[in-house]
Amino acid sequence: GAGVSQTPSNKVTEKGKYVELRCDPISGHTALYWYRQSLGQGPEFLIYFQGTGAADDSGLPNDRFFAVRPEGSVSTLKIQRTERGDSAVYLCASSLAGGKTDTQYFGPGTRLTVL
Amino acid sequence: AQKVTQAQTEISVVEKEDVTLDCVYETRDTTYYLFWYKQPPSGELVFLIRRNSFDEQNEISGRYSWNFQKSTSSFNFTITASQVVDSAVYFCALTGGSQGNLIFGKGTKLSVKP
C-alpha cells in the first residue's frame, strides 16, 4: 500500500514568511509524528498526534511552530515568521497505534530553505 | 537523560568487506525499544529492525545482523559482504518516552566502493 507522503518535497521561502508543510500518513495509522533533521544530524522529535489531538508537543522549539490534524489523518505543520535557522528537512512518520511498542514509518521529507 | 551515540561519523569500505556500525545508548527506562533505520541518498528513512529491551537474542536477516548487549548498552549492526547499494547513512534510535517519540543518534555514513 501507499506509504507516508509529504508535500511539498522542497520549499524555499524568505525570512519572515509563513509556511505550511503537509503530511499524509499511512491509511489506518492513528499515530503521527513530526521530526526535524538538520544537516549532518539525526532527526529530532517535534510533536506527536494520537488521532486528532497533540499528545506530546514538547519538541516544538518555540511558539512560531504549530501543527494540526483536524480529522485524524492528514497533518499540517505550520511555521510563522520563518527564520534562517528553521532551514532543515522536516520528516513525518506514522505508526499503527502509537506508543513505544510501535514501529514508525517515515515519509520522504520536506526540505525547507529560508533565505 | 536518554541519549544515543554513534561514534563513527563515516566509514568507507570496499565491496564484499564486512562492516560493523556501533550504537551505544543511555536510558533510565526499564522497558524500551531500539531501532535501526537506513537513509539512502534519496533521503527517506527506511526501517530495518526493532528490538525490545527484554530480548537480547541476536538477529540475522540476510546479510544484516544485529548484536544487542544490555550489559554494555550497545546495539551494533553488521553488514556482511557489503554491496554498493548499502551506501547510506544509518541511524540508531531509542524510544524516548511512553508516547514513542524516537531519539536518534547522529548517524554513520557508510560508503561502499566497488
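Residues numbered from 1 in each chain as written. Chains lettered and ligands numbered in written order. Predicted model: local features only at pLDDT ≥ 70, side-chain atom pairs only at ≥ 80, totals over all residues. Heavy atoms only, no water.

**A short note on the overall build of chain A**
Applicable threshold: Secondary structure elements follow DSSP: runs of H or I of four or more residues count as helices, runs of E of two or more count as strands, with numbering from the N terminus. We compute the radius of gyration over the C-alpha atoms and compare it with the globule rule, which gives 2.2 Å times the number of residues raised to the power 0.38. The buried label goes to any residue with under 20% of its type's maximum accessible area, the exposed label to any with over 50%, and the partly exposed label to all in between, with areas taken from a 1.4 Å probe on protein chains only.
What chain A contains, in helices and strands, is zero helices and 11 strands. Starting at the N terminus and ending at the C terminus, chain A contains elements arranged as β-β-β-β-β-β-β-β-β-β-β. The C-alpha radius of gyration computed for chain A amounts to 13 Å, which stays within 12% of the reference 13 Å derived for 115 residues, consistent with globular compactness. Structurally, chain A occupies a C-alpha span of about 40 × 25 × 25 Å along its principal axes. Going through the 115 residues of chain A one by one, you find that 49% of them count as buried.

**Some points on the pattern of salt bridges**
For clarity, the threshold we go by: The term salt bridge refers to a side-chain nitrogen of Lys or Arg lying within 4 Å of a carboxyl oxygen of Asp or Glu.
Applying the stated criterion to the full structure yields seven salt bridges over all chains. One salt bridge in this structure joins B:Glu59 and B:Arg51, with 3.0 Å as the shortest N-O distance. Relative accessible area serves as the criterion here: at 30%, B:Glu59 is assigned to the partly exposed category. Residue class for B:Arg51 comes out buried when judged on its relative accessible area of 6%. The shortest N-O distance in the salt bridge between B:Arg63 and B:Asp86 comes to 2.8 Å. Here the residue B:Arg63 occupies a position in the loop between β7 (59–61) and β8 (64–69), and B:Asp86 occupies one in the loop between β9 (74–79) and β10 (88–95), the gap between them amounting to 23 residues. Connected via shared salt-bridge partners are A:Arg64, A:Glu83 and A:Asp86.

**Some points on the nonpolar core**
Using the following cut-off: As used in this record, nonpolar core signifies buried Ala, Val, Leu, Ile, Met, Phe, Trp, Tyr and Cys residues forming a set joined through side-chain atoms within 4.5 Å. When checking whether two residues touch, look at their non-hydrogen atoms; a contact exists if any pair is within 4.5 Å.
Ranked by size, the top nonpolar core spans 23 residues in total, and within it B:Trp36, B:Phe77, B:Tyr90 and B:Leu110 carry the most contacts. Taken together, the elements giving at least two residues each to this core come down to β2 (10–14), β3 (19–21), β5 (33–39), β8, β9, β10 and β12 (108–113) of chain B. The element best represented in this core is β10(B), accounting for four residues. When near neighbours in sequence (up to four residues on either side) are disregarded, B:Tyr90 contacts B:Gln6, B:Leu21, B:Trp36, B:Tyr37, B:Lys38, B:Leu48, B:Tyr64, B:Phe77, B:Ile79, B:Gly107, B:Thr108 and B:Leu110. Within the second largest apolar cluster, 20 residues are counted, among which are A:Ile47, A:Phe65, A:Ala67 and A:Ala88.

**A closer look at the environment of A:Thr82**
All names here are of chain A. Here is the rule we go by: In the analysis that follows, any N or O atom pair within 3.5 Å is treated as a polar contact, provided that within protein one partner can donate a hydrogen and the other can accept it, and provided that, for residues neighboring in sequence, both atoms belong to side chains.
You can see Thr82 is positioned in the loop between β8 (75–79) and β9 (88–95). Residue class for Thr82 comes out buried when judged on its relative accessible area of 1%. Residues Thr82 and Gly16 lie 66 residues apart in sequence; the distance between their C-alpha atoms is 4.7 Å. Apart from residues lying up to four places away in sequence, Thr82 is in contact with Thr13, Glu14, Lys15, Gly16, Lys17, Val19, Arg64 and Val114. One polar contact links the side chain of Thr82 to the main-chain carbonyl oxygen of Glu14, over a distance of 3.2 Å.

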